[in-house]
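# Architecture and fold: a report
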Amino acid sequence: MIKEYFQFEKYNTDFKTEVIAGLTTFLASMYIIVVNPSILSSAGMPFEGVLTATILVSAFSSIMMGIYAKNPILIAPGMGINAFFAYSIVLGMGIRWEVALGTVFWSGIIFLVLSILNIRTLILKSIPKQIRFGISAGIGLFITFIGFVNAKFIVSNPATIIGIGKLDAAVITFLIGLIITSILVIKKVKGALILGIVITTFLSIPIGRIYGDAFASFGTSTLISWKGLFANPDFSLIFKLDLIESIKFSLFPVIFAFLFTDMFDSIATFIGVAEAGNLLDENGEPLRIKESLIVDAFSTTISGLFGTSSGTSYIESAAGVEEGGKTGLTAVIAGLLFLPFMFFSPLISIVPPIATAPALILVGVFMMKPITKINWNNFDDSIPAFLGMILIPLTNSITQGIIWSFLSWTLIKIFIGKKVEVSLMLIIIDLFAILALVV
């Protein structure tokens, strides 16, 4: 039955290959179990609650992707989007996290409608690829900056705005972890990021025990505290979103920022994974992209309900595709592997910020890949792309990077006589961008 449902013969694959591919995808993406709660807890959300929500969203969304869309793509709370949620929306704008969860939910509803009606095709065609490349790279820089700050490698400096932190035991341990994790990634070790997190965590055990109480800046003089192995899942964040206040007019730009970021990231992932695995239809388009976008929208919707930032498709799915995964069974296996970790939250919560920082930095490296696709010799393309890329980390806001990238593209193209490269849909998006600036 499984063989027939997932059409093993058509795609020249088998059960063993799909299982190995699913395991590979899981290992490549497992870091989100630790990193997502680490980021969102900075916004005042309970770590254990976000961890449970992260696992539930990752499991249910990936299983649905496999069964309904039949694509070997894992879905989990997205990197970049979670930073936008925590640092830009909650901490930056002072919005309660319950309200922020509501905006995630509403963005998912809109995305779902757009996906069902196939309107996303018009939106996709209106967004220049050069801008998408710049935004992706900008989010990568943003994530990397957060990693360095979490490790206290980069600190606030009144004279220069930011500067290098002290090379104390914690920072040195972080640097050792970064080198080890980088080597694992370079050697293409399966699950390199999660292995790097585990190794750096073990290296952090002496801090506060052997080196004294010099690390209170991390919240405790002992960086690693054993709290046991097993605990019941924390469902405290489920249905804690505020659906009423989050639909206020002033928050429409936030909803659309989540919508645009999620949509662009998902479409780029589908295209990238499809190209890598030759999962294309007769027209060269990714297989079942409409169904996949519907699942992605469903993931964002339940993310708001369960208590985490938007779910999105993971480019790490390409690791499983490289192992031979070609059907939805790969995504189903990857999704199922998340579930046991609901019961091992004490084990995962011992991971300190300096252990997840290398993973954040290297995820930033992965997200910089599209920068090579920017047409740097054509300035009317590269300037808007560069503005989107550089303003995201400098303004600490993904929304600002997107807004100025869109607006600069439109104005430059119109004034140099290339109005044909500015679609009506892009102008409509520009109007929403201006509205966001005014609000």
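Each residue is numbered by its place in its chain's sequence as written, counting from 1. Per-residue local features are limited, in this predicted model, to residues with pLDDT of at least 70; the limit for side-chain atom pairs, both in listing and counting, is 80 or more; totals at the level of whole chains, interfaces and linings are taken over all residues. In computing side-chain properties, one takes all heavy atoms of the structure into account and sets aside hydrogens as well as water.

## Side note on the overall build of the protein chain
- Where helices and strands are cited, they refer to DSSP runs of H or I of at least four residues and of E of at least two residues respectively, numbered from the N terminus. Looking only at helices and strands, one finds 19 helices and four strands in the protein chain.
- Each radius of gyration reported is based on C-alpha atoms, and the globular scaling rule is 2.2 Å times the count of residues to the power 0.38. Over its C-alpha trace the protein chain gives a radius of gyration of 21 Å, about what one expects of a compact globule, namely 22 Å for 439 residues.
- Dimensions of the protein chain along its principal axes, counting C-alpha atoms only, are 65 × 65 × 45 Å.
- Going through the 439 residues of the protein chain one by one, you find that 56% of them count as buried.
- Long-range pairs, those at least 24 residues apart, make up 78% of the contacts in the protein chain between residues at least 6 apart in sequence.
- Surface accessibility follows the Shrake-Rupley procedure with a 1.4 Å probe radius. Residue values consider only the protein chains on display as shielding. Taken as a whole, the protein chain presents about 18,400 Å² of accessible surface, with 69% of it coming from carbon and sulfur.
- Here Asp and Glu are counted as negative and Lys and Arg as positive; His is not counted, and neither are the chain ends. The atoms used to mark charge sites are NZ of Lys, CZ of Arg, CG of Asp and CD of Glu. A gap of 3 Å separates the mean positions of the 26 positive and 26 negative side-chain charges of the protein chain. The buried label goes to any residue with under 20% of its type's maximum accessible area, the exposed label to any with over 50%, and the partly exposed label to all in between, with areas taken from a 1.4 Å probe on protein chains only. Only heavy atoms enter the contact rule, under which two residues are in contact if any of them lie within 4.5 Å.

## A look at the packing of aromatic side chains
- Stacked, tilted and edge-to-face are the three classes applied to pairs of Phe, Tyr and Trp rings, where Trp contributes its six-membered ring and a pair requires centres within 6.5 Å; stacked means planes under 30 degrees apart, edge-to-face means over 60, and tilted covers the rest. If you walk through the whole model with that rule in mind, you get 13 aromatic pairs.
- Relative to Trp106, the ring of Phe105 has its centre 5.1 Å away and its plane inclined at 75°; by these criteria the two rings are edge-to-face.
- By relative accessible area, Trp106 is classed as partly exposed at 24%.
- Ring geometry for Phe153 versus Phe174: centroids 6.0 Å apart, planes at 55°, classification tilted. Separated by 21 residues along the polypeptide, Phe153 in the loop between α8 (129–150) and β2 (154–157) and Phe174 in helix α9 (residues 169–186) bring together distant segments of the chain.

## Looking at helix α2 (residues 15–29)
- Over its 15 residues, α2 runs 21 Å from end to end, which matches the ideal 21 Å to within 8%, given 1.5 Å per residue.
- Listed in full, the buried residues belonging to α2 are Glu18, Ala21, Gly22, Thr24, Thr25, Phe26, Ala28 and Ser29.
- Elements that come into contact with the buried residues of α2 comprise α3 (32–40), α10 (192–203), α13 (317–322) and α14 (328–338).
- Throughout this description, a polar contact denotes any pair of N or O atoms lying within 3.5 Å of each other; where both atoms belong to protein, one of them has to be capable of donating a hydrogen while the other can accept it, and for residues adjacent in sequence the pair is counted only when both atoms sit in side chains. Two to three positions downstream of the cap, the backbone nitrogen of Lys16 sits 3.3 Å from a side-chain oxygen, assigning the N-cap of α2 to Asp14. Expected span of a helix: the number of residues minus one, times 1.5 Å.

## Considering the environment of Phe15
- Here Phe15 shows up in helix α2.
- Each C-alpha atom, one on Phe15 and one on Thr330, is 9.3 Å from the other, the two residues being 315 residues apart in sequence.
- In this view, Phe15 contacts Ile2, Phe8 and Leu329; residues no more than four positions away in its chain are not counted.

## Details of the pattern of salt bridges
- Put simply, a salt bridge is a Lys or Arg side-chain nitrogen that is within 4 Å of an Asp or Glu carboxyl oxygen. According to the stated counting rule, one finds seven salt bridges in the structure shown.
- Linking Asp242 and Arg96 is a salt bridge whose minimum nitrogen-to-oxygen distance equals 2.9 Å. Placement of Asp242 in the loop between α10 and α11 (252–277) and of Arg96 in the loop between α5 (81–93) and α6 (97–116) is noted, with a sequence separation of 146 residues between them.
- Of the residues examined, Arg96 reaches a relative accessible area of 39% and is grouped as partly exposed.

## As for unusual backbone geometry
- You will see that Lys70, though not glycine, has its phi angle at about 60°, which is positive.
- Relative to the assigned elements, Lys70 resides in the loop between α4 (47–69) and β1 (75–77).
- Non-glycine residue Lys152 carries a positive phi angle of around 60°.
- Structurally, Lys152 can be placed in the loop between α8 and β2.

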